[in-house]
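What follows is the residue order along each chain.
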Amino acid sequence: IGNPPPATGTKLSESVPPPWLSHTCVVKPCFVQCALDRVDALDLPAGLSCVVIGRSRKLGLPLFLALVERDFTVTVCHSYTPTKELTERCLNADIIVCAAGKPNLLTKDMVKRGAIVINLGTTLSVCSVPAELQPDVSPDVKEKARIMTPTPGGMGPTCVAMLCLQ
């Protein structure tokens, strides 16, 4: 198979290129692989509009690159994107992947009817007793979404399965 092209910048270790270089990585982060597995299972046509909310080097950016490789038109937003701009971009998106780690960042009024919503982000809320996981996507989004992954209990078990496969 040969070696991948040399990566510019620092490496995480001697043998693993930085995760944002998705096209050179044989093994993608588990949550990225989970989201791709869900998207691939739907057999969606190329060119659909996709918004990734979250820009982390371990999740948001590798996911962006992997979706671009699958010929989707991808926009990256994050928790500091102004609400008005985030809403505009999400209302035009066929697929929304939320991985920002900010509770209820994506609400029903930000999603167009029939969109596919994949929620990868959760935050542990210590304000309630007992502490509970708060999803990035508000539960009322499922009223408008064609498909929405539940949180908790949606992507976590799939991530464990992807880890075992790797």
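Presented here is a report on the structure given in the accompanying data block.

**Re the sheet that holds strand 4 (residues 116–119)**
Either a parallel or an antiparallel arrangement is found when strands of a sheet pair, and the pairing is made through backbone hydrogen bonds. The strand order 2-1-3-4-7 describes an open sheet built from five strands, whose pairing is parallel. With partners counted over all chains shown, the strands left at the sheet margins are strand 2 (73–77) and strand 7 (147–148), one partner each. Of the strand pairs in this sheet, strand 4 and strand 7 are connected by two bridges, and their pairing is parallel. Residue pairing in the sheet places Ile116 in a bridge with Ile147 of strand 7.

**Regarding the nonpolar core**
Ranked by size, the top nonpolar core spans 20 residues in total, and within it Leu44, Leu63, Leu67, Phe72, Ile95, Ile118 and Leu120 carry the most contacts. For this core, the elements supplying multiple residues, two or more each, are helix 1 (30–41), strand 1 (49–53), helix 2 (60–69), strand 3 (95–98) and strand 4. Ranked by residue count, the leading element in this core is helix 1, at four residues. Setting aside its immediate chain neighbours within four residues, Phe72 contacts Val39, Leu44, Pro45, Gly47, Leu48, Cys50, Leu67 and Ile95.

**Considerations on the packing of helix 1 against helix 2**
Two numbers describe how helix 1 lies on helix 2: the axes approach to 9 Å, and their chain directions differ by 35 degrees. Helix-helix and strand crossings are classified by hand; for helix 1 and helix 2 the assignment is right-handed. For the pair formed by helix 1 and helix 2, the contact residues are Val32, Ala35 and Leu36 on the first element and Pro62, Leu63, Ala66 and Leu67 on the second. Residue classes in the contact of helix 1 with helix 2 are distributed as seven nonpolar, no polar and no charged.

Rules of the game
All residue numbers here refer to positions counted from 1 along the written sequence of the relevant chain. Under the rules for a predicted model, residues below a pLDDT of 70 receive no local features and side-chain atom pairs below 80 are neither given nor counted, while totals for whole chains, interfaces and linings still include all residues. Calculation of side-chain values draws on the structure's entire complement of heavy atoms; hydrogens and water are dropped beforehand. DSSP bridges decide pairing: two strands pair if at least two such bridges lie between them. Only DSSP runs of H or I reaching four residues or more are called helices, and only runs of E reaching two or more are called strands; each is numbered from the N terminus. What is meant by a nonpolar core is a set of buried Ala, Val, Leu, Ile, Met, Phe, Trp, Tyr and Cys residues, joined one to another through side-chain atoms within 4.5 Å. When accessible area is computed with a 1.4 Å probe and restricted to protein chains, residues below 20% of their type maximum are described as buried, those above 50% as exposed, and intermediate ones as partly exposed. Whether two residues touch is decided by their heavy atoms; if any such pair falls within 4.5 Å, the residues are in contact. Axis geometry follows a simple rule: fit a line to the C-alpha atoms, using only the stretch in contact for helices, then measure angles between N-to-C directions, giving values from 0 to 180 degrees. Note on convention: near helix rotated counterclockwise from far helix by under a right angle means a left-handed crossing. Clockwise means right-handed. Nonpolar residues are Ala, Val, Leu, Ile, Met, Phe, Trp, Tyr, Cys and Pro. Charged residues are Asp, Glu, Lys and Arg, and all others, Gly as well, are polar.

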